[in-house]
Amino acid sequence: MRRPCGCLAPTAFLAVALATAPARGEGLVADLSEHLIAITTAFVGTDVVLFGTSDGGADIVVTVVGPRQNQIVRRKGQIAGIWVNRESLEFERVPTYYAVATSAPLDQIARADVLARHELGIEHLRLEPVDAAGLAESHIDAFREALVRNKQRQRLYSSAPPPVSFLGPSLFRTTLSFPANVPPGIYQVQVFELEDGYVKDAQRSALVISKVGLEADLFDFAQQRAPLYGLLAIVMAVSLGWLAGVIFRRS
Amino acid sequence: MVIYLPIAEMSVNLFLLLGLGGAVGFLSGIFGIGGGFLMTPLLIFIGIPPPVAVGTEASQILASSSSAALAHMRRGNVDLRMGMVLVAGGFMGSALGVWLFALLRQLGQIDLVISLCYVLFLGTVGVVMLVESVGAWFRRRSRPGTFARRHRHLWLHGLPFKMRFHRSRLYISALTPLGLGFFVGILASIMGVGGGFLMVPAMIYLLGMPTAVVVGTSLLQVAFVTAVTTYLHAVNNYTVDVVLALALIVGGVIGAQLGSSAGARLRGDQLRILLALLVLAVCVKLGHDMIVTPSDPYSLASASHP
């Protein structure tokens, strides 16, 4: 969807002045500073810069959705004074990570149904139980809120959306931050251009987060060749213990 | 310096791990204990997922107990026959324990069971040890030279399958050490401990073994059982983190050497009073955490299928 050229005219001159600016009518173009985040030995989390251009004047919303998995939420209750996990609810295809960045508060950008259709904002994420039969909506809501709250505490869901800032009438950028505990997988980064409360253009790109080097090798080894990994863990422990004995007996 | 633990999937400061290993190693050097009952809760306190803490701690105990067991064997302080019966029981117990562990994890009750086991066993052992050591301290101050009778006849000694254990100068049913090994094997795989804190008193008071061979023989059992536990956790639960184990072993080895020289300067009953207080402190902390209202009663757990 392109906007009519007439509307673009006032901003076109400024856009051309910027080196990276598109020719008029290019629509939405965005890219990430990195497409691969490598989890190495010294990984403490990282920031990825997203930059792009739009035709200007519209609002920009960026979402990052991590690989989806079913997620169990458990609730503790007291039995004889001790807190014990009692009820649980399994949610379907929950994003392991979710972040949103916006150029303006979401509720000022579009109506709730539009936001919900594109899963813009944490409160508009589709988080539904695997089996909702016979469950009260309030019960599900309590577990859903707890899911989001726990994810926010783990810093895997953004609590305060970072701003998308405009560097000119059409050039925008935002910084997406990933904590050290970010789960590996393929992440979908979506950039939405909204005007008058409707999505005018959208662009999707993938971001791969993966363990590399020794960490990846060890993890794969432990998962795929578990018996050998277990034996090697035993050999490592015994030989280190033996080595220490030898060293300290000499001194 | 931060390192990423590939199995725990989190970043931890390397010096924190070396320090923890060193501090617990120091205490185990002083008291002559494995230290698993301190290390596993400490790992959980710093945020390591409980299953990974338990699985990995088994490999650390393996490192320290295997080298100590070798040293005792060289000095001839091991009853090999007794050790093998205990190990056989331990293997069966460990297999059952790892299976139970996976089941409880699926049910979402593993954290609770780990804590409950800790509170129960640390509480009992701590109180018994405190009473005994305070009593010994007072007796020594009033009139030295009284000995408690070591060997008593219990119903256990009437069991069948009698076996002669020359090194321990015992003729008892093989079922008793087999059962003891089995029970400690279950605890070792669920709690992430070696089980020496239960094994040593049980060998003295229940089996009636001479103190000289008790430590060496229990270390032999602990080494074999933690080896099997490490393997079974790695294969069934994928919860052995070798990077974490490496850091803990290196810290632990250094700490243990410093600790054993410090321990040599303290007297036995004083050491046992201090150890009992330490055991009770861990017990109280874990018990408190189970009773106090959690900051959030809800928690997340990954589903087994996508």
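(A) Representation of the overall build of chain B. Tallying secondary structure elements over chain B gives 10 helices and five strands in all. Radius of gyration (C-alpha) of chain B: 20 Å, near the 19 Å computed for a compact globule of 306 residues. The C-alpha extent of chain B, read off along each of the three principal axes, is 60 × 45 × 40 Å. Long-range pairs, those at least 24 residues apart, make up 80% of the contacts in chain B with a sequence separation of at least 6.

(B) Molecular detail of the overall build of chain A. Counting its secondary structure elements, chain A contains six helices and 11 strands. Taking all 251 residues of chain A together, the buried fraction comes to 31%. The long-range fraction of contacts in chain A, counting pairs at least 24 apart against all pairs at least 6 apart in sequence, stands at 68%.

(C) The arrangement of the pairing of strand β3 (residues 46-53) of chain A in detail. Alignment of strand β1 (residues 29-32) of chain A against β3 of chain A, held across four bridges, turns out to be antiparallel. Counted as the bridge partner of Ala30 of chain A is Gly52 of chain A from β3 of chain A.

(D) Region of the structure containing the interface of chain A and chain B. Contacts between chain A and chain B engage 49 residues on the former and 45 residues on the latter. Listing elements by their share of the side of chain A that touches chain B, those giving two or more residues are β5 (68-79), β6 (82-95), α4 (137-153), α5 (213-224) and α6 (226-250) of chain A. Its residues assigned to classes, the side of chain A that touches chain B shows 28 nonpolar, 14 polar and seven charged. As paired elements, β5 of chain A and strand β5 (residues 298-302) of chain B share five bridges and run antiparallel to each other. The residue of β5 of chain B that forms the bridge with Val73 of chain A is Leu300 of chain B.

(E) Inspection of unusual backbone geometry at higher detail. Here Arg155 of chain A, not a glycine, exhibits a phi torsion of approximately 65°, which is positive. In this fold, Arg155 of chain A is placed in the loop between α4 and β8 (165-166). Backbone geometry at Glu9 of chain B places phi at a positive 55°, although glycine is not the residue there. Tracing the sequence through the fold places Glu9 of chain B in the loop between β1 (2-5) and β2 (10-13). Owing to 19 C-beta atoms within 10 Å, Glu9 of chain B belongs among the partly exposed residues under this scheme.

(F) Spotlight on the packing of helix α4 (residues 80-107) of chain B against helix α8 (residues 211-237) of chain B. Residue and element names in this part refer to chain B. Contact pair α4 / α8: the axes reach a minimum separation of 9 Å and the direction vectors enclose 30°. The angle between α4 and α8 falls in the class roughly parallel. The two elements α4 and α8 cross, and the hand of that crossing is right-handed. Taking contact as the criterion, the partners of Met82, Gly83, Leu86, Val87, Gly90, Phe91, Ser94, Ala95, Val98, Phe101 and Ala102 in α4 are, on α8, Thr217, Leu220, Gln221, Phe224, Val225, Val228, Thr229, Leu232, His233, Asn236 and Asn237.

(G) Structural detail: the nonpolar core. Among the nonpolar cores identified, the biggest contains 146 residues, and Val62 of chain A together with Ala245 of chain B are the most heavily contacted of them. Counting residues per element, this core draws most heavily on α8 of chain B, which supplies 13 residues. Leaving out residues up to four positions away in the same chain, Val62 of chain A has contacts with Leu50, Val100, Ala101, Val164, Thr174, Val189 and Val191 of chain A.

(H) Main features of α4 of chain B. All names here are of chain B. Its 28 residues place the ends of α4 39 Å apart at the C-alpha level, agreeing with the 40 Å of an ideal helix rising 1.5 Å per residue. Among the residues of α4, those classed as buried are Met82, Gly83, Val85, Leu86, Val87, Gly89, Gly90, Gly93, Ser94, Gly97, Val98 and Phe101. Directly beyond the C-terminal end of α4, a positive phi value near 80° is found at Gly108.

(I) Layout of the confidence of the model for chain B. Counting all residues, the mean pLDDT for chain B is 85, and 93% of those residues have values of 70 or more. The ipTM for the predicted assembly is 0.84, set against a pTM of 0.78.

(J) Expanded view of the sheet that holds β8 of chain A. Residues and elements named next belong to chain A. Pairing is antiparallel across the open sheet formed by four strands, whose spatial order is β1-β3-β9-β8. Looking along the sheet, the strands with just one partner apiece sit at the ends: β1 and β8. Both β3 and strand β9 (residues 171-178) contribute to a ladder of eight bridges, which runs antiparallel. The residue bridging Leu50 from the neighbouring strand is Thr174, located in β9.

(K) Molecular detail of the sheet that holds β5 of chain A. The strand order β6(A)-β5(A)-β5(B) describes an open sheet built from three strands, whose pairing is antiparallel. Each of the sheet's edge strands pairs with one partner strand only, and the pair in question is β6 of chain A together with β5 of chain B. For this sheet, the mean angle separating the axes of adjacent strands, direction not counted, is 30°. Of the pairings in the sheet, the one linking β5 of chain A to β6 of chain A comprises 11 bridges and is antiparallel in character. Residue pairing for β6 of chain A: Gly77 of chain A is matched across the bridge by Val84 of chain A. This element, α4 of chain A, spans β5 and β6 of chain A together with β5 of chain B of the sheet and lies at about 75° to β5 of chain B.

(L) View of helix α1 (residues 14-31) of chain B. Residue and element names in this part refer to chain B. Over its 18 residues, α1 extends 26 Å from the first C-alpha to the last, a length consistent with the 26 Å expected when each residue adds 1.5 Å. Where the residues of α1 are buried, they touch β2, α2 (36-45), α9 (242-263) and α10 (268-291). With its phi angle positive at about 70°, Gly32 sits one or two positions after the end of α1.

(M) Molecular detail of the environment of Val214 of chain B. Residues and elements named next belong to chain B. By the element assignment, Val214 lies in helix α8. Spatially, the C-alpha atoms of Val214 and Phe165 are 13 Å apart, while their sequence positions differ by 49 residues. Not counting residues up to four positions away in its chain, the partners in contact with Val214 are Val200, Met203, Ile204 and Met209.

(N) Expanded view of the packing of helix α7 (residues 196-207) of chain B against α8 of chain B. All names here are of chain B. It is the contact of α7 with α8, at a shortest axis distance of 10 Å, that shows an interaxial angle of 140°. In terms of their interaxial angle, α7 and α8 are classed as oblique. Every pair of crossing elements has a handedness; the one defined by α7 and α8 is right-handed. From α7, Gly196, Met199, Val200, Met203 and Ile204 reach across to α8, where they touch Thr211, Val214, Val215, Thr217, Ser218, Gln221 and Val222. In terms of residue class, the contact of α7 with α8 is built from seven nonpolar, five polar and no charged.

(O) Representation of the pairing of strand β10 (residues 185-195) of chain A within the structure. Residues and elements named next belong to chain A. Of the strand pairs in this sheet, strand β4 (residues 59-65) and β10 are connected by seven bridges, and their pairing is antiparallel. By the bridge assignment, Val61 is partnered in β10 with Phe192. Pairing of β10 with strand β11 (residues 198-211), which is carried by 11 bridges, proceeds in the antiparallel orientation. Residue pairing across strands places Val189 opposite Ser205, the latter belonging to β11.

About the thresholds
- Residues numbered from 1 in each chain as written.
- Chains lettered and ligands numbered in written order.
- Predicted model: local features only at pLDDT ≥ 70, side-chain atom pairs only at ≥ 80, totals over all residues.
- Helix = DSSP H or I, 4+ residues; strand = E, 2+ residues; numbered from the N terminus.
- Rg over C-alpha atoms; globule rule 2.2 N^0.38 Å.
- Contact = placed C-beta atoms within 7 Å.
- Buried ≥ 20, exposed ≤ 12 C-beta atoms within 10 Å, placed from the backbone.
- Pairing = 2+ DSSP bridges.
- Nonpolar A, V, L, I, M, F, W, Y, C, P; charged D, E, K, R; others polar.
- Axes fitted to C-alpha atoms, helices over the stretch in contact; angles between N-to-C directions.
- Parallel < 35°, antiparallel > 145°, perpendicular 65-115°, else oblique.
- Left-handed = near helix turned anticlockwise from the far one by under 90°.
- Core = buried A, V, L, I, M, F, W, Y, C linked by C-beta atoms within 7 Å.
- Expected span 1.5 Å × (residues − 1).
- pLDDT = per-residue confidence, 0-100.

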